[in-house]
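Inside the fold
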Amino acid sequence: SYAIQKDFATAFFLARDYETSLGHWRRLVQVYPARTDVWDGLGRTLLQLGRFPEATEAYQEWATLAGVGTEPVARFVTSVAEHRRTGMELPGLPEFDDPTLIPGQLFRFRYVLLGLDDVQLDSLQVSLERGVRPIGTWGHPFWDPLRDHPRFQALLDEYADDVEH
């Protein structure tokens, strides 16, 4: 069923077994091609694998189904690829701050994906101080670039009981 396949795809993604996760997402998009969430999952997994052209295609399909333009999400994936290639912080474009143009998890993790670690940590800290749980768990792969950051460790120590592990 859809829910079971999606749970498997997500579980393998969270376990950082991206190739297995990818197989599940590919099956899901074949069976449920009109669901934006499966294109988002496929794109997110391809992004983690560094397969940026394929991730761009998946996110463009997401954008088409979501009824938004495909260019902002394509520019976002290109910016993430540039950050991964160069290691440089990349300033976000104003369109990256529009939650209707970027899928949910990419939007919530947009700063760390662009190498703007301090901005992501500021956002995380404000959310936690307001009692808002961050997306996912402390173990989510998108947090990986911040794992050794002293501010992330301090937030983890302070708020560990408030967020799933």
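Residues numbered from 1 in each chain as written. Predicted model: local features only at pLDDT ≥ 70, side-chain atom pairs only at ≥ 80, totals over all residues. Heavy atoms only, no water.

1. Here we look at the overall build of the protein chain
Just so we agree on the cut-off: Strands here mean DSSP runs of E at least two residues long; helices mean DSSP runs of H or I at least four residues long; both are numbered from the N terminus. What makes two residues a contact is simply this: any of their non-hydrogen atoms within 4.5 Å. Each accessible area value is a Shrake-Rupley result obtained with a 1.4 Å probe; residue values ignore everything except the protein chains displayed when judging cover. Note on charges: Lys and Arg go in the positive column, Asp and Glu in the negative column, and His and the chain ends are not counted at all. For the purpose of locating charges, the reference atoms are NZ of Lys, CZ of Arg, CG of Asp and CD of Glu.
For the protein chain, the helix and strand inventory stands at 9 helices and 0 strands. Secondary structure of the protein chain in N-to-C order comes out as α-α-α-α-α-α-α-α-α. Its C-alpha atoms put the protein chain at 45 × 35 × 30 Å along the principal axes. In the protein chain, the proportion of contacts linking residues at least 24 apart, taken out of those at least 6 apart, comes to 54%. As displayed, the protein chain offers around 8,300 Å² of accessible surface, 53% of which is attributable to carbon and sulfur atoms. The averaged location of the 25 negative side-chain charges in the protein chain is 5 Å from the averaged location of its 16 positive side-chain charges.

2. Notes on the side chain of Arg110
Note the threshold: Burial classes: relative accessible area under 20% of the type maximum marks a residue as buried, over 50% as exposed, and values in between as partly exposed (1.4 Å probe, protein chains only). Here a polar contact is taken to be a pair of N or O atoms separated by no more than 3.5 Å, where protein atoms must pair a possible hydrogen donor with a possible acceptor and residues adjacent in sequence count only if both atoms sit in side chains.
Examined against the element boundaries, Arg110 turns out to sit in helix H7 (residues 110–113). Residue classification places Arg110 among the buried positions, given a relative accessible area of 10%. Within the structure, Arg110 has its side chain in polar contact with the backbone oxygen of Phe96 (distance 3.2 Å). The residues touching Arg110, leaving out its near neighbours within four places in the chain, are Phe76, Phe96, Asp97 and Gln120.

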